[in-house]
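Commentary on secondary and tertiary structure
So the chains spell out like this:
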Amino acid sequence: MERWRGKHALVTGASAGIGFAIAEGLARAGVNVIGCARNPSTLEELGEKLPPGSGKIFSVKTDLEKEEEISALFHEIQTKWGHVDILVNNAGGGKMGSLESQSTEDWQQIFQLNVLATSICTRETLKLLEKDGIEDGHIININSVAGHSNTALTIDGIGFYSGAKHMITAISKNLYTELAKKKSKIRVTSISPGIVSSRVVKQYKEALGENVKGTALDAVLLECKDISDAVLYVVGSPPHVVITELTIVPSGQIY
Ligand SMILES: NC(=O)c1ccc[n+]([C@@H]2O[C@H](COP(=O)([O-])OP(=O)(O)OC[C@H]3O[C@@H](n4cnc5c(N)ncnc54)[C@H](OP(=O)(O)O)[C@@H]3O)[C@@H](O)[C@H]2O)c1
């Protein structure tokens, strides 16, 4: 990771869950982290508790479902830091519901956050890297095992989300190919976790109460740090190594 020390990473959805752990992991490795979320106050607290030698944490309040707010985020990045060397497209998720009955509004929200925000942040990051003549960047998309199999996890109500994450699988692979054809050294990685004990999963488990018994959530789950460690592994691998896809599940989870 030494070659990334002092460089900048943008982590989307960095105020909680997996994104927060990734922001902390990168900062502890000496990378300056720009974390965005709608309520980024937890990031300010994180910045204060990091040990000496860590990278700095900058938080930018952004609603990634609004393109004008993404534009403002990248305007701030360009003005203050020129570009980011690493982009972690982490923000994602969305309401659960059946494909027979879920609202169009819910689908628009899931598509906007999981697919469009990821694609816009990627495009804008690549533009800034090109502008500054930076050849050594890394785009990481936090995908899901639900982005590879529509029967993943045997959880009901994730049909549209699973479809959106399938797009992330396709987009990640196509971006890798586009860049490789240009002989770009910018790497692209899709990380596909099984169930992670993040903020949203803890809330969902609580809401299920006793009904959690016998579901996929009633088992050993991944910790957010497991995904952060995976990010450090793929980013820290030698420049000629591209980990295009990394699937991580808690032991015993069927996917
Ligand atoms: N947890 C799992 O089991 C699991 C498994 C596979 C893949 N994943 C993927 O991992 C990623 C992170 O999920 P998670 O479980 O850590 O979720 P989480 O606990 O709900 O955290 C989501 C993060 O995204 C931010 N966010 C949500 N909507 C946003 C918006 N419109 N604009 C800006 N930021 C927004 C939230 O902050 P604010 O609320 O402050 O905006 C929060 O920081 C997602 O892409 C998810 O699909 C999760």
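Residues numbered from 1 in each chain as written. Predicted model: local features only at pLDDT ≥ 70, side-chain atom pairs only at ≥ 80, totals over all residues. Heavy atoms only, no water.

1. Remarks on a nonpolar patch on the surface
- A contiguous nonpolar surface patch, about 220 Å² in accessible area, is contributed by Phe111, Leu116 and Met167.
- Its location among the elements puts Phe111 in helix H4 (residues 104–131).
- Relative accessible area serves as the criterion here: at 31%, Phe111 is assigned to the partly exposed category. (Patch = residues over 30% accessible without salt bridge, like charges linked within 9 Å, V, L, I, M, F, W, Y side chains within 5 Å. Areas by Shrake-Rupley, 256 points an atom, 1.4 Å probe, with all protein chains shown as cover. Salt bridge = Lys/Arg side-chain N within 4 Å of Asp/Glu carboxyl O. Helix = DSSP H or I, 4+ residues; strand = E, 2+ residues; numbered from the N terminus. Buried < 20%, exposed > 50% of the residue type's maximum accessible area, 1.4 Å probe, protein only.)

2. Side note on the site of the ligand
- Around the ligand, the surrounding shell holds 31 residues, and the nearest of these are Arg38, Asn90, Tyr161, Val196 and Ser198.
- Val196 is positioned with one of its backbone polar atoms (N or O) 2.8 Å from an oxygen atom of the ligand.
- With the chains in place, 93% of the 890 Å² that the ligand exposes on its own is no longer accessible.
- Contributions of two or more residues to the shell around the ligand are made by helix H1 (17–28), helix H5 (159–181) and helix H6 (199–208). (Near = heavy atom within 4 Å. Polar contact = N/O pair within 3.5 Å; in protein donor to acceptor, adjacent residues only side chain to side chain.)

3. Looking at the packing of H1 against helix H7 (residues 224–236)
- Packing of H1 against H7 leaves a shortest axis separation of 8 Å and a crossing angle of 45 degrees. In terms of orientation, H1 lies oblique with respect to H7. As for how H1 packs across H7, the hand of that crossing is right-handed. For the pair formed by H1 and H7, the contact residues are Gly17, Ile18, Ala21, Ile22, Gly25 and Leu26 on the first element and Cys224, Lys225, Ile227, Ser228, Val231 and Leu232 on the second.
- Across the contact of H1 with H7, the residue classes break down as eight nonpolar, three polar and one charged. (Axes fitted to C-alpha atoms, helices over the stretch in contact; angles between N-to-C directions. Parallel < 35°, antiparallel > 145°, perpendicular 65-115°, else oblique. Left-handed = near helix turned anticlockwise from the far one by under 90°. Contact = heavy atoms within 4.5 Å. Nonpolar A, V, L, I, M, F, W, Y, C, P; charged D, E, K, R; others polar.)

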